[in-house]
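# Secondary and tertiary structure notes
One letter stands for each residue in the lines below.
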Amino acid sequence: MNLHEYQAKQLLQLHGVPVAEGLMVETPEAAVEAARLIELQTGTKFWVIKAQIHAGGRGKGGGVKIASSLAQVEEHASNILGMNLVTPQTGPEGKLVRKLLVQRDMYYPDAEGNSSIREYYISILLKRKTGRNIVMYSNEGGVDIESVAKNTPELIFIEEIDPGLGIQPFQARKIAFNLKLRGEAHSSMVRFVMALYKAYVEMDASLVEINPLVKTSDNLAFAADAKVKLDENALFRHPDYAGLRDLEEEDPVEVEASGYNLNFIKLDGNVGCMVNGAGLAMATMDMIKLSGGQPANFLDVGGVASTETVGAGIRIILRDPNVQAILINIFGGIVRCDRVAQGVVDACREIGNIPVPIIVRLQGTNAAEGKNIIDLSGLKVSTAITLEEAAAMVKEAVS
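Residues numbered from 1 in each chain as written. Predicted model: local features only at pLDDT ≥ 70, side-chain atom pairs only at ≥ 80, totals over all residues. Heavy atoms only, no water.

## Concerning helix α8 (residues 278-290)
Taking 1.5 Å per residue, 13 residues should reach 18 Å; α8 reaches 19 Å between its end C-alpha atoms and fits that length. Of the surrounding elements, those touching the buried residues of α8 are β14 (271-275), β15 (297-300), β16 (325-332) and α12 (387-398). Just past α8, the residue G292 takes up positive phi, approximately 100°. (Helix = DSSP H or I, 4+ residues; strand = E, 2+ residues; numbered from the N terminus. Expected span 1.5 Å × (residues − 1). Contact = heavy atoms within 4.5 Å.)

So, in structure tokens, the structure goes:
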């Protein structure tokens, strides 16, 4: 589950990670009040106005602005709120900005004359090949880390963490040393890294990324920006995280699918597919490509393929105007093929006119009975038992 920057910082702060002071707002007037409050707390006369969307590269699209007066705060907030922000990660369609983060600008002097003087990059994520968490870090913060990794890979450091032991103090010290920090700056970075890893584990995150991580001239480390992804499989341990989900930032079709307990991901192809099981879904998408088509979606109905879920799945697939055919590929293990077939028949009759061919491939428990139910239904639904049959039907439908 993706979080907004302001949400990520709130969670990190609760776990002891120092973050730049900021407040989320939804109107220009609230932005001015937030800036006033931050000024009272920190003495700053400079603020950053940041669009809050689930995408990176906001600054490149005009979604991050610096303000040196309350009038500028209001001006930037008015311009950014309601804009359709296009970044390298949103695609050409962009995203509507509904929320802002008003934040103390760490790059300008505060009341004591302190300012940030160095930027770093740090992230924590799982390395699936080894089953260990890794801390990835670099002296080159504040820029696209992908460009750094591609052009100067020697500037990227990686520290593997044994999940049974957790991060050890000597590893945090090694990270600070590789960042060329000494004295109080070294100690501050060690504390920051230890707190960040603790937060990553306790939040059940799948990714924590701080870019930039700034070291101020008084040698303190702060998260000036933060990206956090939470592991959805662990959300049952964090009921308080449910309110962090922003449905307006998600694909509305995927939100609807989740309401039926369907695992749905939109793709760019021309053949809609519905399966039961993630592994079968991957094999089905491969088969579609080998048949000359392109998968239009990933849709897993899981172990329950009722009339309601099958009908919802077909409706969701049909909303894609690029879909030229629908392939329903079911392996009858937990679920019986005859029940799935009856669900397909009932759903098709309920929906009515379906403008594209539907191909149903059934294999496993009661597959022959299921095929018979569909064949005798009178519907324009083709059935197959083998993958080869289904592939030939898909090829004919998209050719």
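## Side note on the pairing of strand β6 (residues 100-104)
Counting buried positions along β6 gives five out of five residues, so the element sits mostly inside the fold. A two-sided burial pattern is seen for β6, the buried positions comprising L100, V102 and R104 on one face and L101 and Q103 on the other. Looking at chain direction, strand β2 (residues 47-51) and β6 are connected through five bridges and run antiparallel. If you follow A51 over to β6, its bridge partner there is L100. (Buried < 20%, exposed > 50% of the residue type's maximum accessible area, 1.4 Å probe, protein only. Pairing = 2+ DSSP bridges.)

## What about the nonpolar core?
General note: in soluble globular proteins, nonpolar side chains tend to be found buried as a group. In terms of nonpolar packing, the biggest core is built from 41 residues, with L12, M203 and I210 touching the most fellow members. Broken down by element, the residue count for this core peaks at ten residues, all from helix α6 (residues 183-202). Contact partners of L12, with chain neighbours within four places excluded, come to V17, V19, L196, A199, M203, V208, I210, A226 and V228. (Core = buried A, V, L, I, M, F, W, Y, C linked by side-chain atoms within 4.5 Å.)

## Structural notes on the packing of aromatic side chains
Applying the stated rule across the entire model yields two aromatic pairs. Note on Y137 and F157: the rings are 5.3 Å apart at their centroids and 20° apart in plane angle, and the pair reads as stacked. Of this pair, Y137 sits in strand β8 (residues 132-138) while F157 is found in strand β9 (residues 156-161), placing the two residues 20 residues apart along the sequence. A residue is classified by how much of its surface remains accessible, and Y137, at 1% relative accessible area, is buried. Using a relative accessible area of 25% as the deciding quantity, one classes F157 as partly exposed. Pairing Y197 with Y200 gives two aromatic rings, centres 6.1 Å apart and planes at 35°, and the pair type is tilted. One end of the pair is Y197 and the other is Y200, both in helix α6 and three residues apart, which spans about a single turn. (Phe/Tyr/Trp six-rings, centres within 6.5 Å; stacked < 30°, edge-to-face > 60°.)

## Observations regarding the sheet that holds β6
The antiparallel open sheet is built from four strands, whose spatial order is β1-β6-β2-β3. Each having just a single partner strand, β1 (22-25) and β3 (64-67) make up the two edges of the open sheet. Each strand axis lies, on average, 20° off the axis of its neighbour in the sheet, ignoring direction. Set on the sheet, helix α1 (residues 5-14) makes contact with β1, β2 and β6; between it and β6 the angle comes to about 50°. (Axes fitted to C-alpha atoms, helices over the stretch in contact; angles between N-to-C directions.)

## Concerning the packing of helix α5 (residues 169-178) against α6
Running from N to C, α5 and α6 point in directions that differ by 125°, and their axes come no closer than 8 Å. Of the possible angle classes, the one that applies to α5 and α6 is oblique. Regarding α5 and α6, the two cross each other, and that crossing is right-handed. Contacts between α5 and α6 pair P169, A172, R173, I175, A176 and F177 from the former with H186, M189, V190, V193 and M194 from the latter. Here the contact of α5 with α6 is composed, by residue class, of nine nonpolar, one polar and one charged. (Parallel < 35°, antiparallel > 145°, perpendicular 65-115°, else oblique. Left-handed = near helix turned anticlockwise from the far one by under 90°. Nonpolar A, V, L, I, M, F, W, Y, C, P; charged D, E, K, R; others polar.)

## A closer look at a nonpolar patch on the surface
A surface patch of nonpolar side chains, amounting to about 290 Å² of accessible area, comprises L23, L37 and L40. Topologically, L37 is positioned in helix α2 (residues 28-42). (Patch = residues over 30% accessible without salt bridge, like charges linked within 9 Å, V, L, I, M, F, W, Y side chains within 5 Å. Areas by Shrake-Rupley, 256 points an atom, 1.4 Å probe, with all protein chains shown as cover. Salt bridge = Lys/Arg side-chain N within 4 Å of Asp/Glu carboxyl O.)

## Describing unusual backbone geometry
Between N211 and the following residue, P212, the backbone shows a cis peptide bond with an omega angle of 10°. With respect to the helices and strands, P212 occurs in strand β10 (residues 205-216). Notably, K180 is not glycine yet its phi reads approximately 65°, a positive angle. Of note in this structure, D204 is not a glycine but carries a positive phi near 55°. Note that D204 resides in the loop between α6 and β10. For D204, a relative accessible area of 18% puts it in the buried group.

## Describing the pattern of salt bridges
Under the definition given, this model contains 22 salt bridges. Put simply, K9 and E5 hold a salt bridge, and the shortest N to O gap is 2.8 Å. With K9 and E5 both in helix α1 and four residues apart, this pair spans about one turn of that helix. Exposure class is identical for K9 and E5. Each is buried. The partner of R58 in a salt bridge is D225, with the nearest N and O atoms 3.3 Å apart. Note that R58 is positioned in the loop between β2 and β3 and D225 in the loop between β11 (221-223) and β12 (227-230), a separation of 167 residues in sequence. In this structure D225 comes out as buried when scored by relative accessible area, which is 17%. One connected set of salt bridges, linked through shared partners, spans E5, K9, K50, R58 and D225.

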